[in-house]
Amino acid sequence: MTSAGPVDLSVNIGALRLRNPIIAASGTFGYGLEFAHLIDLNTIGGFVTKGLSLNPIQGSPAPRLCQTPSGMLNAVGLQNVGVRAFVAEKLPVLRKYDTPVLVNIFGYSPEEYAEVISILEDASGIAGYELNISCPNVKQGGIQFGSDPDMVFQVVGVARGAAANRPLLVKLSPLVTDIRLIVRAAQDAGADGLTVANTYPAMSVDVKTHKSRLGCPTGGLSGPAIRPITLRLVWEASKVARVPIIGLGGIETVEDVLEYLSVGATAVQVGTASFVAPSTVGGLVVELEREILRYKLQNIKALTEVLVPKLD
């Protein structure tokens, strides 16, 4: 798939070819169907479904969202219909769109990740998988998979064995001492791409009511406030990555997209901005094409080469 018109926006993530590098992020775009009446899904590079687990999850109590300075806290609690209901009810409708559907998956043991993938492997209409490794490994006392290189290698390896031919992305946690160790573990275990990064654990308290502003004590911070921090993570990850990196964190404008591309990202995911303006992902595609034309270039690869900053 390539973009129509004089500019080629297409990028490759492993064996997956996207018409452009603008992807709607997991957890902010539902199952894609919820946004189909708001934007033309066929114009974006792709979208990632909300996380799917082996069994349905009801999620956290309300309120699940609260605004923070330059950002947002969410505590949805990984609510989802479960992988079997997704295959039976959501996927048949999604097949009508000419847009790569990446399925975000999670589990509480390596075996759960593999079982979710094995169910999806028998279904058509899926372009690839994105592993959420920010979940606690219940077999290891609740330690996050994504915080330990050995556990990252284990869960990615098990998932890679279950995913026969489809591209496998790994969504990294930002809560690590050295993201380069996690990058090496994920790619050595068979990851085709890396999403950098998930939300940052945070909280907000209403001192008048003496309660959290969320139904849970804490949530995940996203939005423009985290962009500078995540940008650095992408830059650090790119130093050792042999696979494409997808930048995720606080993207609202085409300048934000270019900033991520300049430090090593091949594509980007747009999350919180879709809550503010659902048309953001589609608008960024148009603006990115204009930006390439402004540089008098013909493709996204040439633009990325021009943008590389001198940081030494």
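The coordinates are above.
In this text the structure is predicted, and so the values were computed from the model without any measurement.

Participant: Help me out: how do you make sense of the overall build of the protein in this one?
Facilitator: Secondary structure summary: the protein contains 9 helices and 18 strands in total. Its C-alpha radius of gyration of 18 Å places the protein within 12% of the 20 Å reference for a compact globule of 312 residues. When its C-alpha atoms are laid out on the principal axes, the protein stretches across 55 × 50 × 45 Å. In the protein, buried positions account for 54% of the 312 residues. A separation of at least 24 residues holds for 67% of the contacts in the protein among residues at least 6 apart in sequence. Carbon and sulfur atoms make up 54% of the accessible area of the protein, which totals about 13,300 Å².

Participant: Would you mind showing me how to read the nonpolar core here?
Facilitator: Nonpolar side chains tend to gather and get buried jointly when the protein is soluble and globular. L131 and V196 are the most contacted members of the largest nonpolar core, which totals 98 residues. Those residues in contact with V196 that lie beyond four places of it in its chain are L172, I179, T230, L233, V234, A237, I245, I246, G247 and L248.

Participant: Mind showing me how you'd approach the environment of K50 here?
Facilitator: Here K50 is to be found in the loop between β4 (46–48) and β5 (65–68). Taking the C-alpha atoms as reference points, K50 and G30, 20 residues apart in sequence, are found 5.5 Å from one another. In contact with K50, other than residues within four places in its own chain, are S26, G27, G30, Y31, Q79 and N104.

Participant: Even after reading the chapter, I still don't get the sheet that holds strand β11 (residues 168–172), so can you show me in this structure?
Facilitator: In sheet architecture, strand pairing relies on hydrogen bonds along the backbone and comes in two forms, parallel and antiparallel. The 8 strands are arranged β3-β4-β7-β8-β11-β12-β17-β18 in a closed barrel whose pairing can be described as parallel. With direction set aside, neighbouring strand axes in the sheet form an average angle of 25 degrees. In this sheet, β11 lies alongside strand β8 (residues 128–132) in parallel orientation, the contact comprising 4 bridges. In the strand pairing of β11, Y129 is matched with L168. Running at roughly 170 degrees to strand β17 (residues 245–248), helix α5 (residues 227–238) makes contact with β12 (193–196) and β17 of the sheet.

Participant: Quick question: what am I supposed to make of the sheet that holds strand β6 (residues 71–74) here?
Facilitator: Read from one edge of the open sheet, 4 strands run β5-β6-β16-β13, paired in antiparallel fashion. What marks the edges here is a single partner per strand, and that holds for β5 and β13 (200–202). Ignoring strand direction, the axes of neighbouring strands in this sheet form an average angle of 35 degrees.

Participant: Please clarify how unusual backbone geometry should be interpreted in this entry.
Facilitator: Of all residues except glycine, most have a negative phi; of all peptide bonds, most are trans. Residue P63 is reached from A62 by a cis peptide bond, and omega for that bond is -5 degrees. For P63, the location among the structural elements is in the loop between β4 and β5. Cis rather than trans, the peptide bond between V196 and A197 has omega equal to 10 degrees. As for its position among the elements, A197 is in the loop between β12 and β13. At S70, a residue that is not glycine, the phi angle is positive and equals roughly 60 degrees. With phi around 65 degrees, H210 is a residue other than glycine that occupies positive phi space.

Participant: I keep staring at the pattern of salt bridges and nothing clicks. Help me out?
Facilitator: For side chains bearing opposite charge, pairing can occur when the charged atoms are close. A complete count under the given rule lists 11 salt bridges for this structure. For R180, the salt bridge is made with D178, and the minimal N-O distance between the two is 3.0 Å. Accessibility expressed as a relative area gives 30% for R180, which makes it partly exposed. A salt bridge links E236 to K239, with the nearest nitrogen and oxygen atoms 3.6 Å apart.

Participant: What is the right way to look at the packing of helix α6 (residues 254–262) against helix α8 (residues 280–294) in this model?
Facilitator: The relative placement of two packed helices is expressed as an angle between their axes plus a distance between the axes. One way to put it is that α6 packs onto α8 with a least axis distance of 9 Å and a crossing angle of 65 degrees. Between α6 and α8, the angle is such that the two are roughly perpendicular. Our pair here, α6 against α8, has a crossing hand that is right-handed. Residues V254, V257 and L258 of α6 form the contact with α8, whose own contacting residues are L284, E287, L288 and E291. In terms of residue class, the contact of α6 with α8 is made up of 5 nonpolar, no polar and 2 charged.

Participant: Honestly, the pairing of strand β16 (residues 219–222) in this entry has me stumped. Any pointers?
Facilitator: Where a strand is regular, its side chains alternate between the two sheet faces. Bridge count for β6 against β16 is 3 bridges, and the pairing is antiparallel. Note that in β16 the partner of L73 across the bridge is L221. Relative to β16, β13 runs antiparallel, the two sharing 3 bridges. Counterpart to P201 in the pairing with β16 is G220.

Participant: How do you make sense of the state of the cysteines when you look at a structure like this?
Facilitator: Note on terminology: a disulfide is the covalent bond linking the sulfur atoms of two cysteines. Following the criterion strictly, the structure yields 0 disulfides and no others. We note that C66 lacks a disulfide partner, and the nearest cysteine sulfur, in C216, lies 12 Å from it. Note on C216: relative accessible area 21%, which makes it partly exposed.

Conventions we followed
Residues numbered from 1 in each chain as written. Predicted model: local features only at pLDDT ≥ 70, side-chain atom pairs only at ≥ 80, totals over all residues. Heavy atoms only, no water. Helix = DSSP H or I, 4+ residues; strand = E, 2+ residues; numbered from the N terminus. Rg over C-alpha atoms; globule rule 2.2 N^0.38 Å. Buried < 20%, exposed > 50% of the residue type's maximum accessible area, 1.4 Å probe, protein only. Contact = heavy atoms within 4.5 Å. Areas by Shrake-Rupley, 256 points an atom, 1.4 Å probe, with all protein chains shown as cover. Core = buried A, V, L, I, M, F, W, Y, C linked by side-chain atoms within 4.5 Å. Pairing = 2+ DSSP bridges. Axes fitted to C-alpha atoms, helices over the stretch in contact; angles between N-to-C directions. Salt bridge = Lys/Arg side-chain N within 4 Å of Asp/Glu carboxyl O. Parallel < 35°, antiparallel > 145°, perpendicular 65-115°, else oblique. Left-handed = near helix turned anticlockwise from the far one by under 90°. Nonpolar A, V, L, I, M, F, W, Y, C, P; charged D, E, K, R; others polar. Disulfide = S-S within 2.5 Å.

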